[in-house]
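# Survey of secondary and tertiary structure
Here is how the chains run, residue by residue.
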Amino acid sequence: MPKLNENYLQLKDSYLFAEIAHRTAAYTEKNPDKPVIRLGIGDVTRPLCECALKALHEGVDAMASTDTFKGYGPEQGYAETRNAIAGYYKRNGIDVDPAAIFISDGAKSDTGNITELFGEGNVILIPDPVYPVYVDSNTMFGNKVTYISGNAENDFLPMPDHSQHVDVIYICSPNNPTGACYNKQQLKEWVDYALENEAVILFDSAYEAFIADPELPRSIYAIEGAKKCAIEFCSLSKTAGFTGTRCGYTVVPKELVFQSSTGVEMSLNAMWNRRQSTKYNGTSYIVQHGAAAVFSEEGIRECQENLEYYKKNAAVIADTLTELGIRFYGGKHSPYIWFECPNGMDSWTCFDYLLENIQVVGTPGAGFGENGKNYFRLTSFGTYENTVEAMRRFKTLF
(Lines give C-alpha, C1' and ligand atoms only; values in the text may rest on other atoms or scores of the structure.)
Protein backbone atom coordinates (compact mmCIF):
# COMPACT_ATOMS: atom_id res chain seq x y z
CA MET A 1 0.00 0.00 0.00
CA PRO A 2 1.42 3.42 -0.91
CA LYS A 3 2.13 6.00 1.77
CA LEU A 4 -0.18 8.90 1.07
CA ASN A 5 0.27 12.59 1.74
CA GLU A 6 -1.63 12.65 5.00
CA ASN A 7 -1.43 16.44 5.14
CA TYR A 8 -4.62 16.31 3.06
CA LEU A 9 -6.38 15.05 6.17
CA GLN A 10 -5.80 18.49 7.68
CA LEU A 11 -7.79 20.21 4.93
CA LYS A 12 -11.42 21.13 5.33
CA ASP A 13 -13.79 18.64 3.74
CA SER A 14 -14.73 20.97 0.90
CA TYR A 15 -13.12 23.90 -0.82
CA LEU A 16 -15.08 27.07 0.05
CA PHE A 17 -16.52 27.77 -3.37
CA ALA A 18 -17.41 24.13 -3.95
CA GLU A 19 -19.52 24.23 -0.79
CA ILE A 20 -21.23 27.42 -1.95
CA ALA A 21 -22.01 25.79 -5.30
CA HIS A 22 -23.37 22.69 -3.54
CA ARG A 23 -25.72 24.65 -1.28
CA THR A 24 -26.89 26.86 -4.12
CA ALA A 25 -27.56 23.90 -6.41
CA ALA A 26 -29.57 22.15 -3.67
CA TYR A 27 -31.71 25.25 -3.19
CA THR A 28 -32.38 25.84 -6.90
CA GLU A 29 -33.33 22.19 -7.37
CA LYS A 30 -35.99 22.53 -4.69
CA ASN A 31 -37.07 26.02 -5.83
CA PRO A 32 -36.82 26.15 -9.63
CA ASP A 33 -39.31 29.03 -9.78
CA LYS A 34 -37.15 31.39 -7.69
CA PRO A 35 -34.36 33.03 -9.73
CA VAL A 36 -31.07 33.17 -7.86
CA ILE A 37 -28.63 36.08 -8.26
CA ARG A 38 -25.01 35.03 -7.78
CA LEU A 39 -22.68 37.65 -6.32
CA GLY A 40 -20.43 35.13 -4.63
CA ILE A 41 -17.58 33.73 -6.71
CA GLY A 42 -15.31 36.31 -8.29
CA ASP A 43 -16.08 35.37 -11.89
CA VAL A 44 -16.49 38.07 -14.51
CA THR A 45 -19.47 38.58 -16.82
CA ARG A 46 -18.23 41.10 -19.41
CA PRO A 47 -16.87 39.73 -22.71
CA LEU A 48 -13.23 40.02 -23.71
CA CYS A 49 -12.12 43.34 -25.17
CA GLU A 50 -11.81 43.75 -28.94
CA CYS A 51 -8.01 43.91 -28.84
CA ALA A 52 -7.77 40.57 -27.11
CA LEU A 53 -10.35 38.93 -29.35
CA LYS A 54 -8.57 40.11 -32.49
CA ALA A 55 -5.24 38.81 -31.21
CA LEU A 56 -6.75 35.47 -30.16
CA HIS A 57 -8.11 35.03 -33.68
CA GLU A 58 -4.67 35.88 -35.06
CA GLY A 59 -3.21 33.22 -32.80
CA VAL A 60 -5.67 30.63 -34.08
CA ASP A 61 -4.98 31.60 -37.69
CA ALA A 62 -1.24 31.22 -37.07
CA MET A 63 -1.86 27.57 -36.29
CA ALA A 64 -3.30 27.02 -39.78
CA SER A 65 -0.04 27.58 -41.64
CA THR A 66 3.26 25.73 -41.50
CA ASP A 67 5.04 29.09 -41.73
CA THR A 68 3.47 30.46 -38.53
CA PHE A 69 2.50 27.31 -36.63
CA LYS A 70 3.66 27.16 -33.02
CA GLY A 71 4.41 23.95 -31.16
CA TYR A 72 6.06 23.83 -27.77
CA GLY A 73 6.90 27.32 -26.63
CA PRO A 74 9.27 28.57 -23.95
CA GLU A 75 8.14 27.47 -20.50
CA GLN A 76 8.80 30.98 -19.20
CA GLY A 77 6.53 32.58 -21.80
CA TYR A 78 6.95 34.10 -25.25
CA ALA A 79 9.12 37.22 -25.46
CA GLU A 80 6.19 39.12 -26.98
CA THR A 81 4.09 38.63 -23.86
CA ARG A 82 6.86 39.14 -21.34
CA ASN A 83 7.95 42.37 -23.04
CA ALA A 84 4.35 43.61 -23.18
CA ILE A 85 3.97 43.07 -19.42
CA ALA A 86 7.31 44.78 -18.75
CA GLY A 87 6.04 47.69 -20.84
CA TYR A 88 2.90 47.84 -18.72
CA TYR A 89 5.00 48.11 -15.57
CA LYS A 90 7.09 50.81 -17.26
CA ARG A 91 4.00 52.91 -18.01
CA ASN A 92 3.22 52.69 -14.31
CA GLY A 93 6.70 53.97 -13.46
CA ILE A 94 8.28 50.63 -12.54
CA ASP A 95 11.21 48.86 -14.19
CA VAL A 96 10.83 45.09 -14.37
CA ASP A 97 13.23 42.87 -16.29
CA PRO A 98 11.28 40.73 -18.80
CA ALA A 99 13.54 37.83 -17.76
CA ALA A 100 11.96 38.06 -14.29
CA ILE A 101 8.46 37.57 -15.73
CA PHE A 102 7.00 34.06 -16.04
CA ILE A 103 3.72 33.50 -17.90
CA SER A 104 1.27 30.97 -16.46
CA ASP A 105 -2.37 29.93 -16.56
CA GLY A 106 -3.25 32.18 -13.63
CA ALA A 107 -2.22 33.56 -10.26
CA LYS A 108 -4.07 30.81 -8.39
CA SER A 109 -1.77 28.15 -9.82
CA ASP A 110 1.39 30.12 -9.11
CA THR A 111 0.50 31.17 -5.56
CA GLY A 112 -0.13 27.51 -4.84
CA ASN A 113 2.94 26.15 -6.63
CA ILE A 114 5.39 28.72 -5.25
CA THR A 115 5.47 26.79 -1.96
CA GLU A 116 7.74 24.27 -3.71
CA LEU A 117 10.63 26.76 -3.54
CA PHE A 118 10.68 26.79 0.26
CA GLY A 119 11.88 24.06 2.59
CA GLU A 120 10.57 22.79 5.91
CA GLY A 121 10.56 24.76 9.12
CA ASN A 122 9.86 28.22 7.77
CA VAL A 123 7.71 30.64 9.73
CA ILE A 124 4.94 31.41 7.25
CA LEU A 125 2.87 34.50 8.00
CA ILE A 126 -0.60 34.69 6.47
CA PRO A 127 -3.27 37.31 7.21
CA ASP A 128 -6.67 36.29 8.51
CA PRO A 129 -9.07 36.65 6.68
CA VAL A 130 -7.33 35.32 3.59
CA TYR A 131 -7.79 33.81 0.13
CA PRO A 132 -8.06 30.06 0.95
CA VAL A 133 -5.45 28.92 -1.59
CA TYR A 134 -2.60 30.41 0.48
CA VAL A 135 -3.52 28.33 3.51
CA ASP A 136 -4.60 25.15 1.73
CA SER A 137 -1.50 24.93 -0.47
CA ASN A 138 0.75 25.23 2.59
CA THR A 139 -1.33 22.66 4.45
CA MET A 140 -0.89 20.25 1.55
CA PHE A 141 2.90 20.58 1.94
CA GLY A 142 2.74 20.14 5.71
CA ASN A 143 3.82 23.71 6.41
CA LYS A 144 2.83 25.36 9.67
CA VAL A 145 1.06 28.69 9.22
CA THR A 146 1.22 31.62 11.62
CA TYR A 147 -1.64 34.10 11.29
CA ILE A 148 -1.68 37.87 11.57
CA SER A 149 -5.04 39.37 12.42
CA GLY A 150 -6.92 41.61 10.01
CA ASN A 151 -9.94 43.13 11.72
CA ALA A 152 -12.15 46.19 12.02
CA GLU A 153 -9.69 47.84 14.41
CA ASN A 154 -6.93 47.91 11.78
CA ASP A 155 -9.30 48.31 8.81
CA PHE A 156 -8.35 44.77 7.74
CA LEU A 157 -4.84 45.99 6.95
CA PRO A 158 -2.64 44.23 9.53
CA MET A 159 0.88 45.53 9.99
CA PRO A 160 4.05 43.63 10.97
CA ASP A 161 4.98 42.77 14.51
CA HIS A 162 8.67 43.69 14.58
CA SER A 163 9.28 41.49 17.62
CA GLN A 164 8.34 38.40 15.61
CA HIS A 165 10.67 36.65 13.17
CA VAL A 166 9.14 35.34 9.93
CA ASP A 167 10.47 33.76 6.73
CA VAL A 168 7.61 33.92 4.21
CA ILE A 169 4.90 36.60 4.17
CA TYR A 170 1.66 36.54 2.16
CA ILE A 171 0.15 39.91 1.22
CA CYS A 172 -2.81 40.56 -1.09
CA SER A 173 -3.54 44.19 -1.98
CA PRO A 174 -6.19 45.15 -2.97
CA ASN A 175 -7.25 42.36 -0.69
CA ASN A 176 -9.39 39.36 -1.40
CA PRO A 177 -11.79 39.08 0.41
CA THR A 178 -11.90 42.41 2.26
CA GLY A 179 -11.19 44.89 -0.54
CA ALA A 180 -8.75 46.75 1.71
CA CYS A 181 -5.73 48.34 0.00
CA TYR A 182 -2.33 49.17 1.51
CA ASN A 183 -0.83 52.61 0.90
CA LYS A 184 2.86 53.19 0.10
CA GLN A 185 3.87 53.92 3.66
CA GLN A 186 2.26 50.70 4.90
CA LEU A 187 3.84 48.58 2.16
CA LYS A 188 7.21 50.23 2.85
CA GLU A 189 6.95 49.03 6.44
CA TRP A 190 6.26 45.49 5.21
CA VAL A 191 9.22 45.63 2.81
CA ASP A 192 11.54 46.93 5.52
CA TYR A 193 10.29 44.20 7.86
CA ALA A 194 10.98 41.53 5.25
CA LEU A 195 14.48 42.87 4.62
CA GLU A 196 15.18 42.92 8.37
CA ASN A 197 14.12 39.28 8.64
CA GLU A 198 15.67 38.19 5.32
CA ALA A 199 12.14 37.06 4.50
CA VAL A 200 10.27 36.76 1.20
CA ILE A 201 6.99 38.57 0.53
CA LEU A 202 4.56 36.72 -1.74
CA PHE A 203 2.57 39.65 -3.07
CA ASP A 204 -0.74 38.95 -4.82
CA SER A 205 -1.67 41.93 -6.99
CA ALA A 206 -4.46 40.26 -8.97
CA TYR A 207 -6.77 43.26 -8.44
CA GLU A 208 -4.26 46.05 -9.07
CA ALA A 209 -6.17 47.33 -12.10
CA PHE A 210 -9.05 48.39 -9.84
CA ILE A 211 -6.90 50.97 -8.06
CA ALA A 212 -7.93 54.45 -9.14
CA ASP A 213 -5.86 56.57 -6.75
CA PRO A 214 -2.36 57.18 -8.23
CA GLU A 215 -1.00 57.49 -4.69
CA LEU A 216 -1.85 53.86 -3.95
CA PRO A 217 0.75 51.32 -5.15
CA ARG A 218 -0.38 48.89 -7.82
CA SER A 219 2.78 46.81 -7.46
CA ILE A 220 5.05 45.89 -4.56
CA TYR A 221 7.92 47.04 -6.79
CA ALA A 222 6.76 50.62 -6.40
CA ILE A 223 8.42 50.31 -2.98
CA GLU A 224 12.18 50.76 -2.66
CA GLY A 225 13.96 47.53 -1.82
CA ALA A 226 11.09 45.25 -2.83
CA LYS A 227 13.04 43.47 -5.58
CA LYS A 228 15.33 42.10 -2.89
CA CYS A 229 12.49 40.53 -0.92
CA ALA A 230 9.29 40.13 -2.99
CA ILE A 231 7.71 37.88 -5.60
CA GLU A 232 4.66 39.36 -7.30
CA PHE A 233 1.72 37.44 -8.75
CA CYS A 234 -0.81 38.93 -11.12
CA SER A 235 -3.56 37.74 -13.39
CA LEU A 236 -5.53 38.77 -16.44
CA SER A 237 -8.65 37.14 -15.00
CA LYS A 238 -10.01 40.35 -13.52
CA THR A 239 -7.95 42.88 -15.49
CA ALA A 240 -9.08 41.57 -18.87
CA GLY A 241 -11.82 39.01 -18.17
CA PHE A 242 -9.56 35.99 -18.71
CA THR A 243 -11.18 33.80 -16.05
CA GLY A 244 -12.04 31.26 -18.74
CA THR A 245 -9.20 32.07 -21.12
CA ARG A 246 -6.61 31.57 -18.35
CA CYS A 247 -3.45 33.66 -18.24
CA GLY A 248 -1.42 35.17 -15.45
CA TYR A 249 2.16 36.02 -14.64
CA THR A 250 4.62 35.90 -11.78
CA VAL A 251 7.57 38.23 -11.31
CA VAL A 252 10.61 36.70 -9.62
CA PRO A 253 13.41 39.31 -9.56
CA LYS A 254 16.97 38.11 -10.04
CA GLU A 255 17.88 40.08 -6.92
CA LEU A 256 16.18 37.39 -4.81
CA VAL A 257 19.26 35.43 -3.78
CA PHE A 258 19.63 33.58 -0.46
CA GLN A 259 22.12 31.20 1.07
CA SER A 260 21.43 27.50 1.49
CA SER A 261 22.16 25.68 4.75
CA THR A 262 25.60 24.84 3.32
CA GLY A 263 26.37 28.41 2.32
CA VAL A 264 25.66 28.01 -1.39
CA GLU A 265 23.88 30.93 -3.03
CA MET A 266 20.46 30.04 -4.43
CA SER A 267 18.50 32.27 -6.79
CA LEU A 268 14.71 32.11 -6.53
CA ASN A 269 14.51 33.23 -10.15
CA ALA A 270 16.68 30.29 -11.23
CA MET A 271 14.75 27.91 -8.97
CA TRP A 272 11.37 29.00 -10.35
CA ASN A 273 12.73 28.75 -13.88
CA ARG A 274 13.88 25.20 -13.14
CA ARG A 275 10.54 24.32 -11.57
CA GLN A 276 8.55 25.66 -14.51
CA SER A 277 10.83 24.01 -17.07
CA THR A 278 10.33 20.68 -15.31
CA LYS A 279 6.62 20.79 -14.50
CA TYR A 280 5.04 23.20 -16.98
CA ASN A 281 5.00 23.22 -20.76
CA GLY A 282 3.97 26.84 -21.02
CA THR A 283 0.78 28.79 -21.62
CA SER A 284 -0.55 28.35 -25.14
CA TYR A 285 0.69 30.70 -27.86
CA ILE A 286 -2.88 31.62 -28.76
CA VAL A 287 -3.64 32.80 -25.23
CA GLN A 288 -0.32 34.59 -24.84
CA HIS A 289 -0.81 36.45 -28.11
CA GLY A 290 -4.18 37.61 -26.82
CA ALA A 291 -2.64 38.57 -23.48
CA ALA A 292 0.07 40.66 -25.14
CA ALA A 293 -2.62 42.70 -26.88
CA VAL A 294 -4.26 43.41 -23.52
CA PHE A 295 -1.18 45.37 -22.47
CA SER A 296 -1.18 47.65 -25.49
CA GLU A 297 -2.46 51.19 -24.92
CA GLU A 298 -5.65 50.34 -26.79
CA GLY A 299 -6.06 47.09 -24.86
CA ILE A 300 -5.67 48.83 -21.50
CA ARG A 301 -8.23 51.44 -22.51
CA GLU A 302 -10.74 48.80 -23.59
CA CYS A 303 -10.21 46.74 -20.42
CA GLN A 304 -10.67 49.86 -18.33
CA GLU A 305 -14.15 50.28 -19.81
CA ASN A 306 -15.10 46.86 -18.46
CA LEU A 307 -13.51 47.64 -15.10
CA GLU A 308 -15.55 50.83 -14.88
CA TYR A 309 -18.67 48.71 -15.41
CA TYR A 310 -17.74 46.58 -12.39
CA LYS A 311 -16.86 49.67 -10.36
CA LYS A 312 -20.34 50.99 -11.09
CA ASN A 313 -21.78 47.76 -9.70
CA ALA A 314 -19.59 48.12 -6.61
CA ALA A 315 -20.93 51.63 -6.08
CA VAL A 316 -24.51 50.31 -6.24
CA ILE A 317 -23.72 47.77 -3.52
CA ALA A 318 -21.81 50.27 -1.40
CA ASP A 319 -24.58 52.88 -1.64
CA THR A 320 -27.19 50.31 -0.61
CA LEU A 321 -25.21 49.13 2.40
CA THR A 322 -24.59 52.74 3.43
CA GLU A 323 -28.32 53.45 3.17
CA LEU A 324 -29.08 50.39 5.30
CA GLY A 325 -26.48 51.33 7.91
CA ILE A 326 -24.46 48.16 7.37
CA ARG A 327 -20.74 48.58 7.99
CA PHE A 328 -18.56 47.48 5.08
CA TYR A 329 -15.07 47.65 3.60
CA GLY A 330 -13.76 47.67 0.02
CA GLY A 331 -15.76 48.47 -3.08
CA LYS A 332 -13.66 51.48 -4.06
CA HIS A 333 -10.32 50.11 -5.27
CA SER A 334 -11.56 46.55 -5.37
CA PRO A 335 -14.38 44.48 -6.90
CA TYR A 336 -15.20 43.07 -3.46
CA ILE A 337 -17.46 44.44 -0.75
CA TRP A 338 -16.89 42.98 2.71
CA PHE A 339 -19.76 43.72 5.08
CA GLU A 340 -20.57 42.92 8.67
CA CYS A 341 -23.39 40.40 8.94
CA PRO A 342 -26.54 42.16 10.22
CA ASN A 343 -28.33 41.24 13.43
CA GLY A 344 -25.35 39.40 14.88
CA MET A 345 -25.56 36.54 12.39
CA ASP A 346 -22.54 34.37 11.66
CA SER A 347 -21.55 34.25 8.00
CA TRP A 348 -22.96 30.81 7.06
CA THR A 349 -26.25 31.69 8.76
CA CYS A 350 -26.23 34.90 6.72
CA PHE A 351 -25.55 32.89 3.55
CA ASP A 352 -28.56 30.65 4.14
CA TYR A 353 -30.70 33.61 5.21
CA LEU A 354 -29.99 35.55 2.01
CA LEU A 355 -30.46 32.49 -0.19
CA GLU A 356 -33.74 31.45 1.42
CA ASN A 357 -35.31 34.90 1.68
CA ILE A 358 -34.09 36.95 -1.28
CA GLN A 359 -32.24 34.38 -3.42
CA VAL A 360 -28.93 36.27 -3.39
CA VAL A 361 -25.71 34.25 -3.17
CA GLY A 362 -22.56 35.70 -1.65
CA THR A 363 -19.52 34.26 0.09
CA PRO A 364 -19.49 33.55 3.84
CA GLY A 365 -16.56 35.24 5.52
CA ALA A 366 -15.87 32.17 7.65
CA GLY A 367 -14.46 30.53 4.53
CA PHE A 368 -11.63 33.05 4.63
CA GLY A 369 -10.64 32.49 8.25
CA GLU A 370 -11.63 32.96 11.87
CA ASN A 371 -11.81 36.75 11.53
CA GLY A 372 -14.38 36.42 8.76
CA LYS A 373 -16.96 34.43 10.70
CA ASN A 374 -19.20 37.48 11.16
CA TYR A 375 -18.56 39.03 7.75
CA PHE A 376 -19.81 38.42 4.24
CA ARG A 377 -18.34 39.08 0.79
CA LEU A 378 -20.20 40.28 -2.28
CA THR A 379 -18.62 40.79 -5.69
CA SER A 380 -19.29 43.44 -8.30
CA PHE A 381 -18.73 41.03 -11.19
CA GLY A 382 -22.40 40.37 -11.91
CA THR A 383 -24.39 42.21 -14.52
CA TYR A 384 -25.52 45.71 -13.66
CA GLU A 385 -29.17 44.64 -13.88
CA ASN A 386 -28.66 41.73 -11.49
CA THR A 387 -26.67 43.89 -9.08
CA VAL A 388 -29.43 46.50 -8.97
CA GLU A 389 -32.05 43.80 -8.46
CA ALA A 390 -30.03 42.12 -5.71
CA MET A 391 -29.74 45.42 -3.85
CA ARG A 392 -33.45 46.05 -4.27
CA ARG A 393 -34.02 42.69 -2.58
CA PHE A 394 -31.59 43.65 0.19
CA LYS A 395 -33.69 46.72 0.96
CA THR A 396 -36.75 44.55 1.49
CA LEU A 397 -34.90 42.40 4.02
CA PHE A 398 -32.87 44.75 6.21
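Up top is the structure these notes are about.
Residues numbered from 1 in each chain as written. Predicted model: local features only at pLDDT ≥ 70, side-chain atom pairs only at ≥ 80, totals over all residues. Heavy atoms only, no water.

### Here we look at the overall build of the protein chain
We apply this condition: The numbering of helices and of strands both runs from the N terminus, where a helix is a DSSP run of H or I of at least 4 residues and a strand a run of E of at least 2. All radius of gyration figures rest on C-alpha atoms, and the globule criterion is 2.2 Å times the number of residues raised to 0.38. Note on exposure labels: buried denotes an accessible area under 20% of the residue type's maximum, exposed denotes more than 50%, and partly exposed covers the range between, all computed with a 1.4 Å probe on protein chains only. Residues count as neighbours in contact if any of their non-hydrogen atoms are within 4.5 Å of one another. For the area figures, the Shrake-Rupley method with a 1.4 Å probe applies, and any residue is considered shielded solely by the protein chains shown. Only four residue types enter the tally: Lys and Arg on the positive side, Asp and Glu on the negative side; His and the chain ends are excluded. For the purpose of locating charges, the reference atoms are NZ of Lys, CZ of Arg, CG of Asp and CD of Glu.
Per the secondary structure count, the protein chain includes 12 helices and 15 strands. At 21 Å, the protein chain has a C-alpha radius of gyration in line with the 21 Å of a compact globule built from 398 residues. Counting only C-alpha atoms and orienting by the principal axes, one finds that the protein chain spans roughly 60 × 55 × 55 Å. The proportion of buried residues among the 398 residues of the protein chain is 53%. A separation of at least 24 residues holds for 74% of the contacts in the protein chain among residues at least 6 apart in sequence. Accessible area of the protein chain: about 18,000 Å², with a carbon and sulfur share of 50%. Of note, the protein chain has its 35 positive side-chain charges centred 2 Å away from the centre of its 50 negative side-chain charges.

### Observations regarding the nonpolar core
Heads up, the condition is: Nonpolar cores were defined as sets of buried Ala, Val, Leu, Ile, Met, Phe, Trp, Tyr and Cys residues, with membership established by side-chain atoms within 4.5 Å.
By size, the foremost hydrophobic cluster in this structure holds 86 residues, and its most contacted members are Ile-169, Trp-190, Ile-201, Tyr-221, Phe-242, Tyr-249 and Phe-394. In terms of nonpolar packing, the next biggest core, distinct from the first, is built from 23 residues, Phe-102, Ala-107, Leu-117 and Val-133 among them.

### A word on the sheet that holds strand S12 (residues 336–340)
Operational definition: Two strands qualify as a pair provided DSSP detects at least 2 bridges between them.
The four strands are arranged S11-S12-S15-S14 in an open sheet whose pairing can be described as antiparallel. At either margin of the open sheet sits one strand with a lone partner, and together these are strand S11 (328–330) and strand S14 (363–364). As paired strands, S11 and S12 are joined by three bridges and run antiparallel to one another. If you follow Gly-330 over to S12, its bridge partner there is Ile-337.

### Concerning the environment of Arg-275
Within the fold, Arg-275 resides in helix H8 (residues 268–279). Exposure remark for Arg-275: the relative accessible area of 13% places this residue in the buried category. Spatially, the C-alpha atoms of Arg-275 and Asn-113 are 9.2 Å apart, while their sequence positions differ by 162 residues. Once residues lying within four places of it in the same chain are set aside, the contact partners of Arg-275 are Asn-113, Glu-116 and Tyr-280.

### Topic: the pairing of strand S5 (residues 168–172)
This is how it is decided: Looking down the strands as they point away from you, a crossover is right-handed if its path from the first strand over the helix to the second goes clockwise.
With five of five residues buried, S5 lies mostly within the body of the structure. Pairing of strand S3 (residues 124–128) with S5, which is carried by two bridges, proceeds in the parallel orientation. The residue bridging Ile-124 from the neighbouring strand is Val-168, located in S5. Inspection of the sheet shows S5 paired to strand S6 (residues 200–204) by five bridges, in the parallel sense. Considered in S6, the bridge of Val-168 is made with Val-200. Crossover connection from S5 via helix H6 (residues 184–197) to parallel S6: handedness right-handed.

### Side note on the packing of helix H2 (residues 50–62) against helix H9 (residues 285–294)
The condition is simple: For helices, the fitted axis covers only the stretch in contact; all axes are lines through C-alpha atoms, and the angles between them, taken along N-to-C directions, range from 0 to 180 degrees. An angle below 35 degrees is treated as roughly parallel, one above 145 as roughly antiparallel, one from 65 to 115 as roughly perpendicular, and anything else as oblique. Crossings are assigned a handedness: left-handed for a near helix turned anticlockwise from the far helix by less than a right angle, right-handed for a clockwise turn.
As a packed pair, H2 and H9 sit with axes 8 Å apart at the nearest point and diverge in direction by 150°. For the element pair H2 / H9, the angle class is roughly antiparallel. Once H2 is placed against H9, the crossing between them reads as right-handed. Two secondary-structure elements touch here, H2 through Cys-51, Ala-52, Ala-55, Leu-56, Glu-58, Gly-59, Val-60 and Ala-62 and H9 through Tyr-285, Ile-286, Val-287, His-289, Gly-290, Ala-293 and Val-294.

### Focus on H2
In plain terms, the rule: By this rule, a helix spans an expected 1.5 Å times one less than how many residues it contains. By arc we mean the arc of the directions from the helix axis to the C-beta atoms, nothing more.
In a regular helix each residue adds 1.5 Å, so 13 residues correspond to 18 Å; H2 covers 18 Å between its end C-alpha atoms and thus fits that length. Those residues of H2 that sit buried are Cys-51, Ala-52, Ala-55, Leu-56, Gly-59 and Ala-62. Angular distribution of buried residues about the axis of H2 spans 130°; they occupy a single face of the element. Exposed and facing more than 90 degrees away from the buried side of H2 are Glu-50, Lys-54, His-57 and Asp-61. Where H2 is buried, its residues meet H9 and helix H10 (297–324).

### Section: the sheet that holds strand S4 (residues 145–149)
Strand order in this open sheet of seven strands is S2-S8-S7-S6-S5-S3-S4, and the pairing throughout is mixed. Edge strands, defined here as strands with exactly one partner in the open sheet, are strand S2 (101–104) and S4. Ignoring strand direction, the axes of neighbouring strands in this sheet form an average angle of 25°. Bridge count between strand S7 (residues 230–235) and strand S8 (residues 248–251): four bridges; the pairing is antiparallel. Bridging from a neighbouring strand, Phe-233 pairs with Thr-250 of S8.

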